[in-house]
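# An overview of the molecular structure
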Amino acid sequence: EEAKKKALEEAEASKLKEEAAAAASLSELLASHSSKMSHMNSLRAAVSDLPSTRSSFKASCASKSIKSDLKKSTSLLSKLRELPSHPASSSPPDVTRLNLTRYVSEVVSALLNPALKAAHASVTADISAQMHARYEDFLPELAPRLLDLAVGKDKDTTTKTRRYAAAAYQYLYLSGLGEPSKVRKIWDKVSGYKAASPSV
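Residues numbered from 1 in each chain as written. Predicted model: local features only at pLDDT ≥ 70, side-chain atom pairs only at ≥ 80, totals over all residues. Heavy atoms only, no water.

## Some details on the overall build of the chain
Each helix and strand counted, the chain has 8 helices and 0 strands in total. Counting from the amino terminus, helix and strand elements in the chain follow one another as α-α-α-α-α-α-α-α. Considering only contacts in the chain between residues 6 or more positions apart, those separated by 24 or more positions represent 76%. Working note: accessible area of the chain is about 12,700 Å², and carbon and sulfur atoms make up 54% of it. (Helix = DSSP H or I, 4+ residues; strand = E, 2+ residues; numbered from the N terminus. Contact = heavy atoms within 4.5 Å. Areas by Shrake-Rupley, 256 points an atom, 1.4 Å probe, with all protein chains shown as cover.)

If you want it as structure tokens, here you go:
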């Protein structure tokens with residue numbers, strides 16, 4: 001009888017422990033979701049008034065308060081190329097303090113680094129939102145190449161790179177930068193689903 005009682009107590013304690021762990025996990029998930037939504041909203045805000053932001057940026061460049069400093073720009077590009085070696089949770093390099101007009105293509109190339117992982121996608125979205133808010137030629141260069149990687153247009157693209165590109169493009173979409181039809185194209189490619197052609 002004593003052994004049976006002890007077994008029941010242990011079972012109850014185990015159940016309570018599992019419930020507590022589940023509650024903690026749910027709380028962490030909700031907090032993470034809330035944090036991500038807040039983050040996406042802040043990125044949307046960054047690109048919500050492009051004419052005003054770009055006009056202010058051009059004025060700052062003209063007044064030399066934001067400069068095109070070769071040494072600092074080279075250092076920034078180096079940090080961007082080293083993104084894969086940094087934790088995905090670390091703060092992205094600040095691209096707002098320099099005039100990178102001459103280096104847009106280099107920034108794009110850094111964000112297409114094959115060593116990047118899906119976990120870095122939110123960092124890419126951060127940098128992309130800030131670049132797009134200042135340089136109108138940035139997104140037209142990045143988005144198509146990112147999409148090509150995501151759908152595996154080049155057969156030699158690794159699975160890791162495809163996952164990164166797919167995640168990054170979806171983050172761009174959630175930030176207000178990507179196109180819904182392109183996100184659908186990614187999902188169709190990833191899932192193997194192909195929508196039926198409408199009957200005429």
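## Concerning the nonpolar core
Within the largest apolar cluster, 44 residues are counted, with the highest numbers of intra-cluster contacts made by Ile127, Met131 and Phe138. When residues of this core are traced back to their parent elements, those giving at least two are α2 (50-62), α3 (70-81), α4 (104-111), α5 (121-132), α6 (138-150) and α7 (159-174). The greatest single-element share of this core, amounting to 8 residues, is contributed by α7. Those residues within four positions of Met131 in sequence are excluded, and the remaining contacts are Val95, Leu100, Val104, Val107 and Phe138. (Core = buried A, V, L, I, M, F, W, Y, C linked by side-chain atoms within 4.5 Å. Buried < 20%, exposed > 50% of the residue type's maximum accessible area, 1.4 Å probe, protein only.)

## What about empty space enclosed by the protein?
Counted according to the given criterion, the structure contains 1 cavity of 30 Å³ or more. Roughly 30 Å³ of internal volume is contained in the largest cavity. Leu83, His86, Pro87, Ser90, Ser91, Pro92, Pro93, His120 and Val123 together form the lining of the largest cavity. Class assignment of the residues belonging to the lining of the largest cavity gives a composition of 5 nonpolar, 4 polar and no charged. (1 Å grid on protein atoms, 1.4 Å probe; cavity = no way out; pocket = protein on both sides within 12 Å on 5 of 7 lines; lining within 4 Å. Points joined across faces, edges and corners; volume = space filled by probe spheres on them. Nonpolar A, V, L, I, M, F, W, Y, C, P; charged D, E, K, R; others polar.)

## Re the pattern of salt bridges
Inspection of the entire model under this criterion finds 2 salt bridges. Of the charged contacts in the structure, one is a salt bridge between Arg97 and Asp94, with a shortest N-O distance of 3.1 Å. (Salt bridge = Lys/Arg side-chain N within 4 Å of Asp/Glu carboxyl O.)

## Focus on the packing of aromatic side chains
Going through the model one piece at a time under the given rule, you end up with 1 aromatic pair. Judged by centre distance (5.1 Å) and plane angle (75°), the ring pair of Phe57 and Tyr135 falls under edge-to-face. Here the residue Phe57 occupies a position in helix α2, and Tyr135 occupies one in the loop between α5 and α6, the gap between them amounting to 78 residues. Under the relative-accessibility criterion, Phe57 is labelled buried at 7%. By relative accessible area, Tyr135 is classed as buried at 3%. (Phe/Tyr/Trp six-rings, centres within 6.5 Å; stacked < 30°, edge-to-face > 60°.)

## With respect to unusual backbone geometry
Backbone geometry at Lys64 places phi at a positive 70°, although glycine is not the residue there. Mapped onto the elements of the fold, Lys64 is located in the loop between α2 and α3.

## Digging into a negative patch on the surface
Taken together, Glu1, Glu2, Glu9 and Glu10 make up a surface patch of like negative charges. Mapping Glu1 onto the fold places it in the segment before α1 (2-46). Judged by relative accessible area, which is 81%, Glu1 ranks as exposed. (Patch = residues over 30% accessible without salt bridge, like charges linked within 9 Å, V, L, I, M, F, W, Y side chains within 5 Å. Lys, Arg positive; Asp, Glu negative; His and termini not counted. Charge placed at Lys NZ, Arg CZ, Asp CG, Glu CD.)

## Some words on α7
Between the first and last C-alpha of α7 there are 23 Å, a value that for 16 residues agrees with the 22 Å anticipated at 1.5 Å per step. All of the buried residues along α7 are Thr161, Tyr164, Ala165, Ala166, Ala167, Ala168, Tyr169, Tyr171 and Leu172. Positioned one or two residues after α7, Gly176 has a phi angle of 90°, which is positive. (Expected span 1.5 Å × (residues − 1).)

Coordinates in, geometry out; function isn't part of it.
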